[in-house]
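Understanding the architecture of this molecule
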Amino acid sequence: MARLEKMPELDIIAGYKGKIDFYYWKGIPVARAWPKSPGRHRSTRVAAQWPAFTYAAREWANLDPIVQAGYREMAYHGGLSGRDLQVRSYLTGLFRPDIP
């Protein structure tokens, strides 16, 4: 990540699309190499999480609208969507029923 003195013009940013990613980090203009996909090869640990992630993502549609609204409210200022928070909560065990 490189810190910039100021954000370049949109025409310049558009010219680097796919090569350099310009964004603000904590209010500071920065740039970095465009993130690259690791392709089809994933680590064993990452692949092991796919079934749990798939289950959690599908469960969003099965939640009562009142529960979905609660997740959206909790996620409102956190930079996540309600669905993202629900999936994260499931994967991390944040809202496990066996914890008092």
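Report follows, based on the coordinates. (Residues numbered from 1 in each chain as written. Predicted model: local features only at pLDDT ≥ 70, side-chain atom pairs only at ≥ 80, totals over all residues. Heavy atoms only, no water.)

**Overview of the packing of helix α3 (residues 65-75) against helix α4 (residues 82-92)**
For any two helices packed against each other, the geometry comes down to the angle between their axes and how far apart the axes lie. Close contact between α3 and α4 brings their axes to 7 Å; oriented N to C, the two are set at 95°. Between α3 and α4, the interaxial angle falls into the category roughly perpendicular. Facing α3, whose interface residues are Tyr71, Arg72, Met74 and Ala75, α4 presents Gly82, Leu85, Gln86 and Ser89. Here the residues of the contact of α3 with α4 are counted per class, giving 4 nonpolar, 3 polar and 1 charged. (Axes fitted to C-alpha atoms, helices over the stretch in contact; angles between N-to-C directions. Helix = DSSP H or I, 4+ residues; strand = E, 2+ residues; numbered from the N terminus. Parallel < 35°, antiparallel > 145°, perpendicular 65-115°, else oblique. Contact = heavy atoms within 4.5 Å. Nonpolar A, V, L, I, M, F, W, Y, C, P; charged D, E, K, R; others polar.)

**Some remarks on the pairing of strand β2 (residues 20-25)**
As defined by bridge partners, β2 adjoins strand β3 (residues 28-33) across 6 bridges and the pair is classed as antiparallel. Of the residues in β3, the one forming a bridge with Tyr23 is Val30. (Pairing = 2+ DSSP bridges.)

**Regarding a nonpolar patch on the surface**
Together, Phe53, Tyr55, Tyr90 and Leu91 line one region of the surface with nonpolar side chains, adding up to about 400 Å² of accessible area. Within the residue set of the nonpolar patch, elements represented by two or more residues are α2 (44-59) and α4. Looking at where Phe53 falls in the secondary structure, it is placed in helix α2. Its relative accessible area of 44% is what places Phe53 among the partly exposed residues. (Patch = residues over 30% accessible without salt bridge, like charges linked within 9 Å, V, L, I, M, F, W, Y side chains within 5 Å. Areas by Shrake-Rupley, 256 points an atom, 1.4 Å probe, with all protein chains shown as cover. Salt bridge = Lys/Arg side-chain N within 4 Å of Asp/Glu carboxyl O. Buried < 20%, exposed > 50% of the residue type's maximum accessible area, 1.4 Å probe, protein only.)

**So, the packing of aromatic side chains**
The description of two aromatic rings rests on the distance between their centres and on the angle between their planes. Taken as a whole, this structure holds 3 aromatic pairs when the rule is applied. Between Tyr55 and Tyr90, the aromatic rings sit 5.4 Å apart at their centres with planes inclined by 50°, giving tilted as the arrangement. Linking Tyr55 in helix α2 with Tyr90 in helix α4, this pair joins segments that are 35 residues apart in sequence. (Phe/Tyr/Trp six-rings, centres within 6.5 Å; stacked < 30°, edge-to-face > 60°.)

**A few points about the pattern of salt bridges**
A complete count under the given rule lists 1 salt bridge for this structure. The salt bridge involving Arg32 is made with Asp21; its shortest N-O contact spans 3.0 Å. Of this pair, Arg32 sits in strand β3 while Asp21 sits in strand β2, and the two are 11 residues apart along the sequence. On the basis of relative accessible area, Arg32 is assigned to the partly exposed category, the value being 37%.

Note that all results are geometric; they support no functional claim without further evidence.
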